[in-house]
Amino acid sequence: GQNIDQPTEMTATEGAIVQINCTYQTSGFNGLFWYQQHAGEAPTFLSYNVLDGLEEKGRFSSFLSRSKGYSYLLLKELQMKDSASYLCAVRDNQGGKLIFGQGTELSVKP
Amino acid sequence: KAGVTQTPRYLIKTRGQQVTLSCSPISGHRSVSWYQQTPGQGLQFLFEYFSETQRNKGNFPGRFSGRQFSNSRSEMNVSTLELGDSALYLCASSLQTGGTTDTQYFGPGTRLTVL
């Protein structure tokens, strides 16, 4: 079956660093995506990993280990506007289908 | 470049009715995927269209259908609406050049409420 697990909720302090974990078990793998979704808005693309290792993009970094079926999203220098849901998604190897986790609701407190 | 657009943004229907939602992808994007988002189930894949052909399908009943036009615009239709169809319907487009870096970009969604 297809399964993607993320923590439901996390809380962090403004200026701190937070790591959001994602584990997956899918029949195929053709890349892992992280999206950010603010309440009432569409998901926006944050990062993409297809090979093992770390991808860095400003305050956001994403890591992938294909052998462990594991990824994390690292957010540095947290800002209040980072309060949102973070979605981990795996692209099935059959074309453009994305399988999403339930999302991690991050609350950033002053 | 304009983003993905979806119409209408909000819709209220009653049980048994049918509904058609529209999606215009980013210019040059050839693939359109549809997702249903609910608080309980999260984001679930409905189907993907590429070059006017359905390429992938999720685990939804036959009441959910879609199509894509030659200009890559897509519509999805839900017939015989049920209360459980109340959700945010999101459309996403991508270039689909065949490369592994194809990223899906989402539209603002259509909020469907079934009474």
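This section reports on the structure supplied with the text. (Residues numbered from 1 in each chain as written. Chains lettered and ligands numbered in written order. Predicted model: local features only at pLDDT ≥ 70, side-chain atom pairs only at ≥ 80, totals over all residues. Heavy atoms only, no water.)

**Details of the interface of chain B and chain A**
Alright, step 1. Contact with chain B, which involves 24 residues of that partner, is made by 18 residues of chain A.
Alright, step 2. Summed over both sides, the interface between chain B and chain A buries roughly 1,600 Å², with carbon and sulfur atoms accounting for 51% of that surface.
Alright, step 3. Summed over the shared surface of chain B and chain A, the number is zero salt bridges.
Alright, step 4. The tally of links between chain B and chain A comes to five residue pairs in polar contact (both at pLDDT 80 or more). (Contact = heavy atoms within 4.5 Å. Buried area = accessible area lost by both parts, 1.4 Å probe. Salt bridge = Lys/Arg side-chain N within 4 Å of Asp/Glu carboxyl O. Polar contact = N/O pair within 3.5 Å; in protein donor to acceptor, adjacent residues only side chain to side chain.)

**Regarding the state of the cysteines**
Alright, step 1. Evaluation of the coordinates by the stated rule reveals two disulfides over all chains.
Alright, step 2. Each sulfur of the disulfide joining A:Cys22 and A:Cys88 lies 2.0 Å from the other. Handedness here is read from the sign of the S-S torsion; for A:Cys22 and A:Cys88, about -65 degrees, the answer is left-handed. Remark: A:Cys88 occurs in strand 9 (residues 84-91) and A:Cys22 occurs in strand 3 (residues 18-25); sequence separation between them is 66 residues.
Alright, step 3. A residue is classified by how much of its surface remains accessible, and A:Cys22, at 0% relative accessible area, is buried.
Alright, step 4. The side chain of B:Cys23 participates in a disulfide bridge whose partner is B:Cys91; the two sulfur atoms lie 1.7 Å from each other. Taken together, the positions of B:Cys23 in strand 3 (residues 19-24) and B:Cys91 in strand 9 (residues 87-94) put the pair 68 residues apart, joining distant regions of the chain.
Alright, step 5. Note on B:Cys23: relative accessible area 0%, which makes it buried. (Disulfide = S-S within 2.5 Å. Helix = DSSP H or I, 4+ residues; strand = E, 2+ residues; numbered from the N terminus. Buried < 20%, exposed > 50% of the residue type's maximum accessible area, 1.4 Å probe, protein only.)

**Let's talk about the layout of surface pockets**
Alright, step 1. There is about 580 Å³ of room inside the largest pocket.
Alright, step 2. If you go around the largest pocket, you meet 26 residues; those closest to its centre are A:Gln37, A:Ser85, A:Glu105, B:Gln37 and B:Pro39.
Alright, step 3. If you tally residues by element for the lining of the largest pocket, the top one is strand 9 of chain A, at three residues.
Alright, step 4. Of the residues that constitute the lining of the largest pocket, the class distribution is eight nonpolar, 14 polar and four charged.
Alright, step 5. Roughly 390 Å³ of volume is contained in the second largest pocket.
Alright, step 6. Lining the second largest pocket are 17 residues, with A:Ile99, A:Phe100, B:Leu43, B:Gln44 and B:Phe45 positioned closest to its centre.
Alright, step 7. Contributions of two or more residues to the lining of the second largest pocket are made by strand 1 (3-5) and strand 10 (98-100) of chain A together with strand 5 (42-50) of chain B. (1 Å grid on protein atoms, 1.4 Å probe; cavity = no way out; pocket = protein on both sides within 12 Å on 5 of 7 lines; lining within 4 Å. Points joined across faces, edges and corners; volume = space filled by probe spheres on them. Nonpolar A, V, L, I, M, F, W, Y, C, P; charged D, E, K, R; others polar.)

Honestly, it's all geometry; don't read function into it.
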